[in-house]
Amino acid sequence: MSSAAEQEAVQEPAGTAVRPGEPPGPAAPGTVHTEDANGLRVEVTEDANGLRVEVTEDANGLRVEVTEAVRAEPRAPAVWPGAPMPLGARFRVGPDGIAGANFALWAGGAEAVELCLFDERGAETRCPLTELTHEIWHGFVPGIAPGQRYGYRVHGRWDPWTGARWNAAKLLLDPYARAVDGSFTLPPEVYGHMRDWPDQHVADTVRDDRDSAPYVPKGVVVHDDDDWVEDRRPKTPWADSVIYELHVRGFTKLHPDIPPELRGTYAGLAHPAAIDHLTRLGVSAVELLPVHQFAHEDHLLRRGLHNYWGYNSIGYFAPHAGYSASGTTGGQVGEFKRMVRALHDAGIEVILDVVYNHTAEAGELGPMLSLRGIDNRGYYRLQQDPRRYADYTGCGNTLHVVQPQVLRLITDSLRYWVTEMGVDGFRFDLAAALARSMHDVDMLSPFLAVIAQDPVLRRVKLIAEPWDVGNGGYQVGAFPPLWTEWNDRYRDAVRDFWRGALPDVRDLGYRLTGSSDLYAWGGRRPYASVNFVTAHDGFTLRDLVSYEHKHNEANGEGNRDGTSDNRAWNCGAEGESEDPQVNALRRRQLRNLLTTLLLSTGVPMLVAGDEMGRTQGGNNNAYCQDNEVSWLDWSLLEQPEWRELTELTARVLKLRQTHPVLRRRAFFSGRAQAPDGLRDLAWFTRDGREMTEGDWYAPAATLGLYLSGRDIPGRDARGEPVTDDSFLAVLHAGAEPVAFELPGAPWAARYELVLDTSREDQAAPPGTVLEGGTETTVPARSVLLLRVTA
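Just so it is clear, the model here is predicted, and its values are computed rather than measured.

Caption draft 1: The arrangement of the overall build of the protein chain in detail. Within the protein chain, the regular secondary structure consists of 16 helices and 35 strands. In the protein chain, which comprises 790 residues, the proportion classed as buried is 58%. Of all intrachain contacts in the protein chain linking residues separated by at least 6 positions in sequence, the fraction that spans at least 24 positions is 70%.

Caption draft 2: Layout of the pattern of salt bridges. On inspection of all chains with the given rule, the structure shows 52 salt bridges. Note that Arg126 and Glu114 form a salt bridge whose closest N and O atoms lie 3.9 Å from each other. A residue pair is termed long-range when its members are at least 10 positions apart, and Arg126 in strand β10 (residues 124-129) and Glu114 in strand β9 (residues 112-118) qualify at 12 residues. For the pair Arg126 and Glu114, one class covers both residues: buried. Across the pair Asp211 and Arg153 runs a salt bridge whose closest N-O atoms are separated by 2.7 Å.

Caption draft 3: Representation of the sheet that holds strand β35 (residues 782-788). Here we have six strands laid out as an open sheet, ordered β28-β29-β30-β35-β32-β33, and antiparallel in their pairing. One side of each edge strand has no neighbouring strand; the edge strands of this open sheet are β28 (681-684) and β33 (769-771). Averaged over all neighbouring strand pairs, the angle between strand axes comes to 25°, with direction disregarded. The pairing of strand β29 (residues 702-707) with strand β30 (residues 727-732) spans six bridges and is classified as antiparallel. Across the sheet, Leu703 pairs through a bridge with Leu731, a residue of β30. In this fold helix α15 (residues 640-658) packs onto β32 (750-756) and β35, with an angle of close to 140° to the strand it touches most, β32.

Caption draft 4: Region of the structure containing the packing of helix α14 (residues 580-599) against α15. Close contact between α14 and α15 brings their axes to 10 Å; oriented N to C, the two are set at 20°. When the axis of α14 is compared with that of α15, the two are roughly parallel. Note on packing geometry: the crossing formed by α14 with α15 is right-handed. On α15, the residues touching Arg587, Leu590, Arg591, Leu594, Thr595, Leu598 and Leu599 of α14 are Glu641, Trp642, Leu645, Leu648, Thr649, Val652, Leu653 and Arg656. Looking at the contact of α14 with α15, its residues break down into nine nonpolar, two polar and four charged.

Caption draft 5: Main features of empty space enclosed by the protein. The tally for this structure, following the rule as stated, stands at seven cavities of 30 Å³ or more. For the largest cavity, the calculated volume is near 190 Å³. Along the wall of the largest cavity there are 21 residues; nearest its centre are His247, His536, Val607, Arg614 and Gln616. Those elements that place two or more of their residues in the lining of the largest cavity are β18 (243-246) and α1 (248-252). Along the lines of polarity and charge, the residues of the lining of the largest cavity split into 10 nonpolar, eight polar and three charged. If you trace the second largest cavity, you find it lined by Leu512, Thr596, Leu599, Ser600, Leu662, Leu705, Leu707, Ala729, Leu731 and Leu785. For the lining of the second largest cavity, the secondary structure elements donating two or more residues are α14, β29 and β30. Here the residues of the lining of the second largest cavity are counted per class, giving eight nonpolar, two polar and no charged.

Caption draft 6: A look at the side chain of Asn307. In this fold, Asn307 is placed in the loop between α4 (298-302) and β21 (313-319). Setting aside anything within four residues of it in sequence, one finds Asn307 in contact with Phe294, Ala295, His296, Glu297, Leu300, Asn312 and Tyr623.

Caption draft 7: Structural detail: unusual backbone geometry. With an omega dihedral of -5°, the bond running from Met85 to Pro86 counts as a cis peptide bond. Along the chain, Pro86 turns up in the loop between β6 (68-71) and β7 (88-93). A cis amide bond links Ala745 to the next residue, Pro746, at an omega of 5°. With respect to the helices, strands and loops of the structure, Pro746 is situated in the loop between β31 (738-741) and β32. In this model, Glu135 sits at a positive phi of 70°, which is unusual for a non-glycine residue. In this structure, Glu135 sits in the loop between β11 (131-133) and β12 (136-142). We classify Glu135 as partly exposed; its relative accessible area is 41%. A positive phi angle is found at Leu482, which is not glycine, with a value near 90°. Turning to its location among the elements, Leu482 is positioned in the loop between β24 (461-464) and β25 (483-487). For Leu482, a relative accessible area of 42% corresponds to the partly exposed category.

Caption draft 8: Examining the sheet that holds β9 more closely. The sheet built from five strands is open, its strands ordered β10-β9-β13-β17-β16 with antiparallel pairing. If you trace the sheet from one side to the other, it starts and ends with β10 and β16 (180-181), each paired once. Note: β9 against strand β13 (residues 149-155), seven bridges, orientation antiparallel. Each residue of the ladder has a partner; that of Glu114, found in β13, is Arg153.

Caption draft 9: Region of the structure containing the packing of helix α10 (residues 488-498) against α14. Packing of α10 against α14 brings their axes to within 11 Å, and their N-to-C directions diverge by 145°. Seen from above, α10 lies across α14 with right-handed handedness. When α10 is examined against α14, the residues Tyr490, Val494 and Trp498 are found in contact with a partner set consisting of Gln589, Asn592, Leu593, Thr596 and Leu597. Class assignment of the residues belonging to the contact of α10 with α14 gives a composition of five nonpolar, three polar and no charged.

Caption draft 10: Fine view of the layout of surface pockets. For the second largest pocket, the calculated volume is near 450 Å³. Around the second largest pocket sit 16 residues that line it, and Tyr510, Gly670, Leu681, Trp683 and Trp696 are the ones nearest its centre. For the lining of the second largest pocket, the secondary structure elements donating two or more residues are α11 (506-512) and β28. Looking at the lining of the second largest pocket residue by residue, the class counts come to eight nonpolar, five polar and three charged.

Caption draft 11: Quick peek at the pairing of β35. With six of its seven residues buried, β35 lies for the most part within the structure. Summarising the sheet, β30 and β35 pair through six bridges and their orientation is antiparallel. From the neighbouring strand, Val730 faces β35, where its bridge partner is Leu784. Pairing of β32 with β35 involves five bridges; the strand directions are antiparallel. Note on β35: the bridge partner recorded for Leu755 is Leu785.

Here is what the cut-offs are and how they apply
Residues numbered from 1 in each chain as written. Predicted model: local features only at pLDDT ≥ 70, side-chain atom pairs only at ≥ 80, totals over all residues. Heavy atoms only, no water. Helix = DSSP H or I, 4+ residues; strand = E, 2+ residues; numbered from the N terminus. Buried < 20%, exposed > 50% of the residue type's maximum accessible area, 1.4 Å probe, protein only. Contact = heavy atoms within 4.5 Å. Salt bridge = Lys/Arg side-chain N within 4 Å of Asp/Glu carboxyl O. Pairing = 2+ DSSP bridges. Axes fitted to C-alpha atoms, helices over the stretch in contact; angles between N-to-C directions. Parallel < 35°, antiparallel > 145°, perpendicular 65-115°, else oblique. Left-handed = near helix turned anticlockwise from the far one by under 90°. Nonpolar A, V, L, I, M, F, W, Y, C, P; charged D, E, K, R; others polar. 1 Å grid on protein atoms, 1.4 Å probe; cavity = no way out; pocket = protein on both sides within 12 Å on 5 of 7 lines; lining within 4 Å. Points joined across faces, edges and corners; volume = space filled by probe spheres on them.

Structural data, given as structure tokens:
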């Protein structure tokens, strides 16, 4: 059947003119001729798509082709029973060798489901799915080809007081859609309730019966042409990993060597110019901000803004169409795969930042786009008052991961991105929300248990953002083996040390050496800690040393959004400065922060652009700034001071890659491993003596860290002991130079200066040789790295 909207007349361009007296020619298939009493002949032609064109001819042979055509009601195709699995729309060869697509949708509690097919002009054909197996509605439609756009209408009770919110007037996106065509614009018709009802306290209970189909994107049937080869994956061990967090659009949008038509797209990230920067820098993996299909929030659209970061997912199987240079009717899938292959060929893994904790449908006053209209009570956590949503995410809703069908949706999506799209791991946004059982965070929850036993998912990189906004949601250090975690305690300790705000150095000691206080349990290793100083959320590294206060006015929220706890020091002036001394100090602080991060035990994570001095003008919550505020300014590399910062980053990463003592696979013991009393780790005060317990509880601006290369646990691939050079790192956050006595025997007789962050130019190692047991001057606010040579 067809809605009345599709039977309305549609404007068509005028047809080709016909000369007077020209014979009409033979009738085309589907053509009907009629003649009235005056001899006026009318020719009506209907094509295969049901488009009707009328041509009239009078007695003089003058033919006129009308400019308005009438769309005939599309004919509903046959729907065969099909199969309940796999879920989603899958193009395949059906019975008797006939090609078509199988459609399957889980809709628990629904009374009926209609598959809605859309032609290239937007006309809708509704096909009831009458087969029901284990709450899965399914059918096979012969003749359906890749590129077919579709959606669902799900019938059921409208009873918000019990959590039932079915509304068949709303076209719903298939949760398993592999591609999405169109954009979410969120007019009132897209809401299941009367969005603009005068009394907003009850607005969510008043059903809106207007058709949403003209205003929402459609799913697209995609041809599964996967030819992924497993051995293309770099399979970088965790201990050897260096993560580079980037935004597909922002990283490539302004790159001068990427063709304009590819900037901001998956193809742009696959371009040699983009990959060359990553390989020269020396990172092993890119962590992509969300690339699942997402929608923009209504409050942003009303202000003329868009969700730039993408933490508002609505399609867990579809690459976000806005990042595609290949169109939106399926081409985005192949383009994403080609991007992954190009990165793998360069030895770079691909990790996706995924948002399974909530969806773009928000709370009870949010739009009806997909899951809410399929089975609201089955997909979302509801409060005791079922009208309301449990919100552990701060985004209005929380997926009910304890429910089997929700857990299946998430794990099916994860496996799809690994097995068919080729990705190497995931960073889970607000992972604590996924680990909740009925209410509390539970490390034996169904989600974590399923991941642990899944033969595909337990082999990939799993990173938790180990908190959410609910009670008991802060879970740093609590996730089980197999998982690594964003370590915000590392971020806070390192920021506080370099701005002179640490009350003592106990916490810093743990953070620099792998955070054994958090992760030395259950067989976890130092690489369970993903160390970071900055992330997409917050100040950039340059802004961290240039601003102390957020400047988010451009977001349109009165500067109320974003954290006020920045742990930042502006080096004496708020914002950009013309003072050469202030700017020199800021660049030195950048070198200190980057060097500390890259020399620490654990997995370092850089944010794209920090290595070249990217700034957001003090905006610490640029989630809605899809513009030059967020995009990488590649012209910075033309300025010597920022090019030198990039070269320093690459040089320290090369050091890390070369020396296994800097990327240990086991925690330090701190105990003597040889008769000479040399330990794998030792700490020194500036007067050259080993730190005592009392030293850890005292304020200190100077810290010496000795790493022994001869006591590295584990063996190499051939079973041989792993040995390396030994190093002494001296971190000095004081405002004045300080004398530091270098440890002598048994630690070292001689040292070579490898790195000095007080130097602006780090193109070549300083190469200075220093004797053990003697004093050396450590410049103000600097890091010295010395290699033991004897």
